[in-house]
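Architecture and fold: a report
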Amino acid sequence: MIVKEQPPVVAATQAARPAVPVKDSLLSRALAHHLFRPLAALAALLLIDFLLIPGFFRLEIKDGHLYGSLVDIVNRAAPLMLAAIGMTLVIATRGIDISVGAVVALSGTVASMLIGGTMVIQDGVPVYVAETPMLLAMAAALGAALLCGLWNGALVAGLGLQPIVATLILMVAGRGLAQLLTDGQIVTVYYQPFFFLGSGYLFGLPFALFVVVAVFGVTALLLRHTALGLFIQAVGINPVAARLAGIRTAALIVFVYVFAATCAGMAGLMISSNVKSADANNAGLMLELDAILAVTLGGTSLAGGKFSLAGSIIGALIIQTLTYTIYSLGVPPEVNMVVKSVVVFLVCVSQSDQFKGLWKRRAA
Amino acid sequence: AFAAKPLTIGFSQVGAESEWRTANTASIKDAAKKAGVNLKFADAQQRQENQVKAIRSFIAQRVDVIAFSPVVESGWDTVLREAKRANIPVILTDRGVKVSDESLYVTFLGSDFVEEGRRAARWLVEHAKKNPNRAYNIVELQGTVGSAPAIDRKAGFAEIMKTEPRLKIIRSQTGDFTRAKGKEVMEAFLKSEGKNITVLYAHNDDMAIGAIQAIEEAGLKPGKDILVVSIDGVRGAFEAMLQGKLNVTVECNPLLGPQLMEAAKAVKAGKPVPKRIVVQEGVFPAEVAAKEFPNRKY
Amino acid sequence: MNAVVAHARKLSSAPSFTSLVTVVLLAAMLLVGGALYEGFLSLQVMLNLLIDNAFLLVIAIGMGFVILSGGIDLSVGAVLALSTMIAAWLLQVAHWPPLAVIATVLALGFLFGGGMGAVIHYFRLQPFIVTLAGMFLARGLCYLISIESITIEDPLFVAMSQTQIPFFGGFLSPGALIALAMLACAVWLAHYSGFGRAVYAVGGNEQSAAMMGLSVGRTKILVYAFSGFCASLAGLLFAFYMLSGYGLHAQGTELDAIAAVVIGGTLLTGGYGYILGALSGVLVLGTIQTLIAFDGTLSSWWTKIVIGGLLFVFCVVQRVMAFKSP
Amino acid sequence: MLASTTALPVLDVSGIHKQFPGVKALSDAGLRLYPGEVHTLMGQNGAGKSTLIKVLTGVYQPERGGIVLDGEHIKPRSTQHAQELGISTVYQEVNLCPNLSVAENIFIGRYPKRFGMIDWRRMRRDAAELLARLQVNVDVSQPLASYPLAIQQMVAIARALNISAKVLILDEPTSSLDEAEVQLLFSVLKNLREQGMAILFVTHFLEQTYAISDRITVMRNGEREGEYLCSELSRLALVNKMIGVAADTREQPQTCIEEGHQAGPTLLQTKELARRGVLAPLDLTIRQGELLGLAGLLGSGRTETARLLFGADKADDGAIEIGGRSTTFATPRDAIAQGIGFCSEDRKHEGAILDLSVRENLILALQARQGLLRAIPLRRQQELADYYVKQLGIKTASIETPIGTLSGGNQQKVLLARWLATEPKLMILDEPTRGIDVRAKQEIMDYVTTLCRKGMAILFISSELPEVLRVSDRIVVMRDRKACGEYRRGELDDSSVLHVIAGEGCQ
Ligand SMILES: Nc1ncnc2c1ncn2[C@@H]1O[C@H](COP(=O)(O)OP(=O)(O)OP(=O)(O)O)[C@@H](O)[C@H]1O
Ligand SMILES: Nc1ncnc2c1ncn2[C@@H]1O[C@H](COP(=O)(O)OP(=O)(O)OP(=O)(O)O)[C@@H](O)[C@H]1O
Ligand SMILES: [Mg+2]
Ligand SMILES: [Mg+2]
């Protein structure tokens, strides 16, 4: 979804004007679409998987749910997609949030510590008991994330710190706080229902996927049916002009940081639910870089302004597919990074207009 | 006159990257308190340059003894020379260093990562002898690429593995010592190798715990369909063993505090100390887990 | 050196207030440290700030140019590690003469940076992403050379590592002096050369700079090449400092460098700031660490929280004071 | 003094075609420039003047067409290349670096050097001298951004003058200058003409065209309409050629306000509104249905007054009385809530959101006032956009075109529409007709005054004194950041107003 949508209404009015000839063919319009190149990159990766990894696309039903590499990729990419959705809005306002990983650690830790849980074997039947009601614990975790967002937003919009430094503070301190809570230990959760979020299945599909779809849907609706998207872009492109046009720029900036942190908080819950524990030191390590990478691979410029939520989702899928491909191909671990960087280079270059120009000139 | 001033030790820790490390730190802090030692603790956040900085500041503060767990083996010559010039003895804990002049440190107190790898492999070799009909297709979850434990545990394991031709490593990938990565990588292995996998060797317990979840989610039984061997011996590993999901963990003892304090006092008092102090460590197969579990401190 | 003095004089009058505030706050922090901890203000501790952070200073100089041009370079930490690795490998395995090694490493750093700059410029890609990929690539290449650390035993490197240059009763390392010399060159480059001014112009408004007839492409490519050069020089200093090459060296240094540059008063949006500010930024970060080491009671997590807290206090005070100034 | 037609043109451009996605900006455009002449390029907004200039100076590469400079075919690859070839340019939007000092902006790329180092002292001295010739006396070591647009424009001109070139191109250099500055610039240009330089000049002011140019090339819809000797083309004929129809019979734009109009009740009053160092305490009354003009020289504090009234800057003293209540505006939102609109003089930095479409730019203020949640339905947005595009004659490929690709004048119109769409009670227009062509200017002023007659109050700021005189019901004259006199319409005329604003007839 890009915010500057060309919704059906436009098409209808254009169709109503018979004088305007329809010049572009469907194909050339598809080629010009902003999602075309990210999608092409993803397709290329999947094609490589198809050719090199036997059974990559095989899906089977196991224990009543789908099982296979594709399911894994989507499942694994879920936290990244959430983080990328939040990051997209922040980047659209010309900001950046490098505290995402720390917020992930913090929210995962809060939830895991509150839920904790023990398995009691009663008459040979395991019974799971949570220390705090699960929903309350999750709300607390999201609340903590929200506070982190408020903090970032206040530093950026209120104090006027540069986003990268403002969020660097939380990036450093947030993990410390999480470790302080856990005393540096990994907190293991023993409460079965909590695991559903990160590794449960609904209608045979990973539940995490539904969460992502829901968050994406709500965000997209919000952007489409309110002026949020327009305002965010206006602030990102020209904050001075946006203020003079009467937009509450400060409030808007606080909002996007809160939103991003909340998304990160949800990602944190998902990650700790998936591994049934919270590791304050390692959870979400480098997630911020991956999220930023996903956003840019999706075609959003770090200079702010125009953005594409759907692009970011595709970007996240590209990253996770790449990671998974590396694991499945049996690439030696020493070479991982080289492969990853080369692919990122290729994807980026293939997405640039200049590359297209080069191609055309060759063909001519 | 000597006892009037308490002994001051400057200790530079690697960081708090794992439970093992946290237990290590806690042990050292406790022991220092018990021994009445004034401990200057500095955390390096996993970076060697921070450790060097910390050691320099210990020298500037004129502590009595410097101890540290090196992030890497190499690169210590210069700063240790400065310590020597300032007449401050240095004790290494947990990992050794490669220096041109052995006299730059007085003693090294810690485990032997290569030996840990060997022990893990030996347990497997034993297992293989008892089960002549079982296949031993191993997938390996390595630690962080380039880190000393990852390199050594891999090397030690490979060394012993050669003695038994039925042991084969079919996949090896890094899991960064974390549960999440361990699980992710294991998932990918299970998809591409499927039932072929019969053994998992993880360089630490956390990765093994993550991988165990992946194995269960694939509908297989960890500990039975796939043997799980790991290193460290943290609490979580014992819990897994109690549930029969982990077969063996090779202990890597983090509780170095008391031994370190002893060594420091001896050094300061001018008593001779051995160049290498070995730490008491065991191998805990699942059978002894129940008995051992209550004794675990971390 | 003359240039530095002249520049320092100019600073006091120029619209560089943020940078000045940094210096004042740095002094305040040192005084607080001195009051709290015995021996904190000793000469050698101050000199250690320079010795221990020489490599960071050099990286921050390169980063300063990149940020002034409106870009960012995330690859510096990895290029540093790669440089230590290449240097160590060439010395220990290929047995090259040390001077040839130094020249090669610097040239490779320059080319690596320039290559990224060219990709950024010709394909109009975002610096963040290109240099992020560059970071993965450089780290990855380290492991291709060797996953283990390589100890350097070359006499020249050892001498550079262990020489202590007396300085009013304390000592400085050759590395620190090289870093200071580099700083002087960089200040000259930024303020007295056409290239430096073009960097400022491109950072101020790239399109305008092009319309004014400046060669934007050349400037951008050179900026990244310069940053790559600085990163490889920092790699050499690091190799002097540690006498080893290792793929995991200096992880996260890029963020330190960015923080140092920004704390030194440079705007990430480009065009505003002073290269000299990198020094104060680096010293601020170094002082925070020294404070923590002198305290000696902080656990791992408290260390993180305190670093974050000090950064926060620093940024806020800097901001508030800058607001008050005209 | 007229260039002899027998001499060879120094620059001969012909058959230029340039296409942008969805727009044919130039088709068969061209022009000839002789040494020792001032040649004016005229045309309506969006006629392709700026595009032609950008083609000449290497910013754009044309699809077809040839450029001959001094008898040689050239293909400028970049502005740098064009400069090397001897073409020096001032672009329509100020293209300088706001972060660099004034002196640097003039000399960047051509620094005076000593011992291989930039000689800052000499650079500052030279810059100050150069600007002094244009009678701009500013501290050249301050960053450019600290000066108002007019000064920036003068700096851009100074930079171009300093390049020793064969051809000097000035794209609407006078749009933000006032009378005195324009005269200065002209005297400099005449000087250069004497020395044999060829000068290409773009303006929408007929007066200026006739005051300085030797020949005129008229462009229409991206084509060369024709080339004329200035002395042989009447104003009426010129306007007709630009527009392409012979309908308009008004040679001199008429007064568009009927005499004896009565203003309504007071809408807004400022009480000692002041900001330290920017504006002395100011009492100003604005009535409904009244067009209040602010006259003054550059730097007299008109823009500052407007910004304070709009809450763009915060006043540190005084109050604004509106609807009987005394308030102050901390942010533009407060002012907008009271029904005030403000069209800034700096459209590039304070107005247009370049990457957004015409439609989005147009509804932005209205949407902001309605709040985030009550989004204006897309259909309504399109209606609004279509309406204003038609009303103001905005030349754009579609309402979904990014505003950044519109010509300068058309951007200005969109921004005007942005505020009109909010149907404000008071509209503050700071140089609203900057860069707008003669005809459009007339239309816009007509439109605005009609609204005014329907009850909207207007605060009108313009450096074009005749325009202020013509349309205002009341004029407040400002000098040295103070209001120093108030005149009803008819009390001032073209000559007396000059005395007043220069401080000769005002106590
Ligand atoms: N970069 C661009 N992309 C797309 N269209 C453009 C671009 N630049 C100009 N145009 C279009 O080309 C046409 C000519 O524009 P140009 O700026 O040359 O007009 P102009 O004669 O200078 O007008 P004005 O008097 O308003 O400055 C306009 O329709 C404009 O929308
Ligand atoms: N010719 C000049 N020489 C020096 N400074 C000037 C000149 N013209 C304007 N300034 C400076 O510009 C500042 C305010 O100018 P500004 O343009 O904002 O006022 P203004 O009355 O709105 O003028 P205008 O709207 O015509 O641009 C003053 O501080 C003044 O110092
Ligand atoms: Mg134009
Ligand atoms: Mg003005």
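All figures in this text were calculated on a predicted structure; none of them were measured in a lab.

Geometrically, a metal with four donors at the corners of a regular tetrahedron has ideal angles of 109.5 degrees, and one with six donors at the corners of a regular octahedron has ideal angles of 90 or 180 degrees. Around the magnesium ion (ligand 4), the protein supplies Thr303 of chain D (OG1) and Glu345 of chain D (OE) as donor atoms, at distances of 1.8 to 2.6 Å. Placement of the pair is threonine 303 of chain D in helix 9 (residues 302-310) and glutamate 345 of chain D in the loop between strand 18 (340-343) and helix 11 (347-351), with a sequence separation of 42 residues.

Attention now goes to the site of ligand 1. Residue and element names in this part refer to chain D. Taken together, 21 residues are adjacent to ligand 1, and Asn45, Gly46, Lys49, Ser50 and Thr51 come closest. A distance of 2.9 Å is found between an oxygen atom of ligand 1 and a side-chain nitrogen or oxygen belonging to histidine 204. In isolation ligand 1 has 640 Å² of accessible area, and contact with the protein removes 90% of it. Elements with a contribution of two residues or more to the shell around ligand 1: strand 2 (23-33), helix 1 (49-56) and helix 14 (408-420). Sorting elements by how many residues they give to the shell around ligand 1 places helix 1 first, with three residues. Here the residues of the shell around ligand 1 sort into six nonpolar, 12 polar and three charged. Of the domains in this structure, domain 1 (11-243) and domain 2 (265-502) are the two that each give at least three residues to the shell around ligand 1.

Residue and element names in this part refer to chain D. Near ligand 2 there are 16 residues, and of these Leu298, Gly301, Arg302, Thr303 and Arg481 occur at the shortest range. Within the backbone of serine 300, one N or O atom sits 3.0 Å away from an oxygen atom of ligand 2. One nitrogen or oxygen atom from the side chain of glutamate 304 is found 3.0 Å from an oxygen atom belonging to ligand 2. Taking 620 Å² as the accessible area of ligand 2 by itself, protein coverage stands at 79%. The dominant element in the shell around ligand 2, judged by the number of residues it contributes, is helix 9, at three residues.

Within the protein, the atoms that donate to the magnesium ion (ligand 3) are Ser50 of chain D (OG) and Gln92 of chain D (OE1), at distances of 1.9 to 2.1 Å. Residue serine 50 of chain D is located in helix 1, and its partner glutamine 92 of chain D is located in the loop between strand 6 (87-90) and helix 3 (102-107); the two are separated by 42 residues in the primary sequence.

Pairing between side chains of opposite charge can happen when their charged atoms approach one another. Residues and elements named next belong to chain B. Taken as a whole and judged by the stated rule, the model has 47 salt bridges over all chains. Residue aspartate 101 pairs with lysine 84 through a salt bridge whose shortest N-O separation is 3.8 Å. With aspartate 101 in the loop between strand 4 (90-93) and strand 5 (107-110) and lysine 84 in helix 3 (residues 77-85), this pair connects stretches of sequence that are 17 residues apart. Salt-bridge contacts for arginine 171 lead to glutamate 193; the nearest nitrogen and oxygen are separated by 3.3 Å. Of this pair, arginine 171 sits in strand 7 (residues 167-174) while glutamate 193 sits in helix 6 (residues 179-193), placing them 22 residues apart in sequence.

The set of residues buried in helix 8 (residues 235-242) of chain B consists of Gly236, Ala237, Phe238, Ala240 and Met241 of chain B. Two residues or fewer after helix 8 of chain B comes glycine 244 of chain B, characterised by a positive phi angle close to 75°.

Time to look at the interface of chain B and chain A. Each side of the interface is counted separately: chain B has 31 residues, and chain A has 34 residues. Together, Gln173, Arg179 and Lys191 of chain B form the three largest contributors to the area buried by chain B at its contact with chain A, with a combined 22%. Here chain B is connected to chain A by two salt bridges. Between aspartate 72 of chain A and lysine 191 of chain B there is a salt bridge, with its nearest N and O atoms 2.6 Å apart. At the junction of chain B with chain A, the criterion picks out 17 residue pairs in polar contact (both at pLDDT 80 or more). At 12 residues, the largest contribution of residues to the side of chain B that touches chain A is made by helix 6 of chain B. Its residues assigned to classes, the side of chain B that touches chain A shows eight nonpolar, 11 polar and 12 charged.

Let's shift gears to the arrangement of the chains. A comparison of contact numbers over the five pairs of chains in contact places chains A and C at the top. A minimum C-alpha distance of 37 Å separates chain B and chain D, which share no contact.

Residue and element names in this part refer to chain D. Per the domain assignment, the segments making up chain D are domain 1 (11-243) and domain 2 (265-502). The centre of domain 1, based on its C-alpha atoms, is set 29 Å off from the matching centre of domain 2. Every contact between the two is made by 25 residues of domain 1 and, on the other side, 24 residues of domain 2. Summed over both sides, the interface of domain 1 with domain 2 buries roughly 2,100 Å², with 54% coming from carbon and sulfur. In this structure, the connection of domain 1 to domain 2 is made through zero salt bridges. Counting residues per element, the ones that place at least two in the side of domain 1 that touches domain 2 are helix 5 (149-162), helix 6 (179-194) and helix 8 (235-243). Its residues assigned to classes, the side of domain 1 that touches domain 2 shows nine nonpolar, 11 polar and five charged.

The next point concerns the packing of aromatic side chains. This model, assessed by the stated rule, comprises 24 aromatic pairs over all chains. Residues tryptophan 151 of chain A and phenylalanine 312 of chain C carry aromatic rings whose centres are separated by 4.7 Å and whose planes lie at 40° to one another, so their mutual orientation is tilted. Taken together, the residues span two chains, with tryptophan 151 of chain A in helix 6 (residues 134-158) and phenylalanine 312 of chain C in helix 14 (residues 300-324). Tryptophan 151 of chain A sits in the partly exposed class, given a relative accessible area of 34%. Summarising the aromatic geometry, the rings of phenylalanine 65 of chain C and phenylalanine 195 of chain C are spaced 6.1 Å apart at their centres and angled 15° between planes, so their arrangement reads as stacked. With a gap of 130 residues between them, phenylalanine 65 of chain C in helix 3 (residues 43-68) and phenylalanine 195 of chain C in helix 9 (residues 194-204) connect regions that are remote in the sequence.

Cut-offs and rules
Residues numbered from 1 in each chain as written. Chains lettered and ligands numbered in written order. Predicted model: local features only at pLDDT ≥ 70, side-chain atom pairs only at ≥ 80, totals over all residues. Heavy atoms only, no water. Donors = N, O, S within 2.8 Å, 3.2 Å for Na, K, Ca; no water. Helix = DSSP H or I, 4+ residues; strand = E, 2+ residues; numbered from the N terminus. Near = heavy atom within 4 Å. Polar contact = N/O pair within 3.5 Å; in protein donor to acceptor, adjacent residues only side chain to side chain. Areas by Shrake-Rupley, 256 points an atom, 1.4 Å probe, with all protein chains shown as cover. Nonpolar A, V, L, I, M, F, W, Y, C, P; charged D, E, K, R; others polar. Domains from an automatic or database assignment. Salt bridge = Lys/Arg side-chain N within 4 Å of Asp/Glu carboxyl O. Buried < 20%, exposed > 50% of the residue type's maximum accessible area, 1.4 Å probe, protein only. Contact = heavy atoms within 4.5 Å. Buried area = accessible area lost by both parts, 1.4 Å probe. Phe/Tyr/Trp six-rings, centres within 6.5 Å; stacked < 30°, edge-to-face > 60°.

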